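Breakdown of the fold
Letter by letter, the chains look like this.
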Amino acid sequence: LGALTNIGRKLTPAGYIDGVRHKFVLSGRPSLSAIDRFLAVRVVTIVLIPASISFAYLWNPVGLTGKTQLGVTLLLVLALVLGPEARLNRAVEERQKDVLRGLPDVLDLLVISVEAGLGFEAAMSRVAKQNEGALPHELQRVRQDVRFGMSRRDAFTKLLKRTDSSDLKQFVNALTQA
């Protein structure tokens, strides 16, 4: 894995690795090991392209010929090139949908908790403990950041960078203005 990751880091542009890192943050898996595994998988898929082409032309069990054989080969190569990136993009989309689905319930519980007399920090803690999903988990991280000395505005700014949700951005802007 280390050797494949090193090859991946050498062969990819610096901006690409930063983009992959950002997508892993958006997907909720910001660990360096996940990024390293992704780069290793990218190297393996790129190495498999010549093997898949030779497989499609030399060992042809179905008996494909002409344009059909070329089309199948191109689809296989396209799947190898775009597959890992597509899977990562899908994970990002799923997490963003999870954040969006959880936003109304989280807002309702925050309002109810604050109206019941809890402070905002305690209300966030209660919502994070009582709910499942990406947004309650992110609220827990905001609470931890604030507890470790970060300003609430900076903690919410980091939340927006980790989620990249326009609806959540409107909520955070309203909170920071209040």
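All values reported here derive from a predicted model rather than from experimental measurement. (Residues numbered from 1 in each chain as written. Predicted model: local features only at pLDDT ≥ 70, side-chain atom pairs only at ≥ 80, totals over all residues. Heavy atoms only, no water.)

When its secondary structure is counted, the protein chain shows eight helices and zero strands. Put simply, the protein chain runs from its N terminus to its C terminus through helices and strands in the order α-α-α-α-α-α-α-α. At 22 Å, the protein chain has a C-alpha radius of gyration far larger than the 16 Å of a compact globule built from 178 residues. Principal-axis analysis of the C-alpha atoms places the extent of the protein chain at approximately 75 × 30 × 25 Å. Counting only residues that meet the buried cut, the protein chain has 32% of its 178 residues in that class. Relative to all contacts within the protein chain whose residues are 6 or more apart in sequence, the contacts with residues 24 or more apart total 59%. Looking at the protein chain as shown, the accessible area adds up to about 10,900 Å², and 61% of this sits on carbon and sulfur atoms. Averaging the coordinates of the 24 positive side-chain charges in the protein chain and doing the same for the 16 negative ones gives two points 7 Å apart. (Helix = DSSP H or I, 4+ residues; strand = E, 2+ residues; numbered from the N terminus. Rg over C-alpha atoms; globule rule 2.2 N^0.38 Å. Buried < 20%, exposed > 50% of the residue type's maximum accessible area, 1.4 Å probe, protein only. Contact = heavy atoms within 4.5 Å. Areas by Shrake-Rupley, 256 points an atom, 1.4 Å probe, with all protein chains shown as cover. Lys, Arg positive; Asp, Glu negative; His and termini not counted. Charge placed at Lys NZ, Arg CZ, Asp CG, Glu CD.)

On to unusual backbone geometry, then. Of note in the backbone geometry, Asp164 takes a positive phi value of approximately 55° without being a glycine. Mapped onto the elements, Asp164 comes out in the loop between helix H7 (152–163) and helix H8 (166–177).

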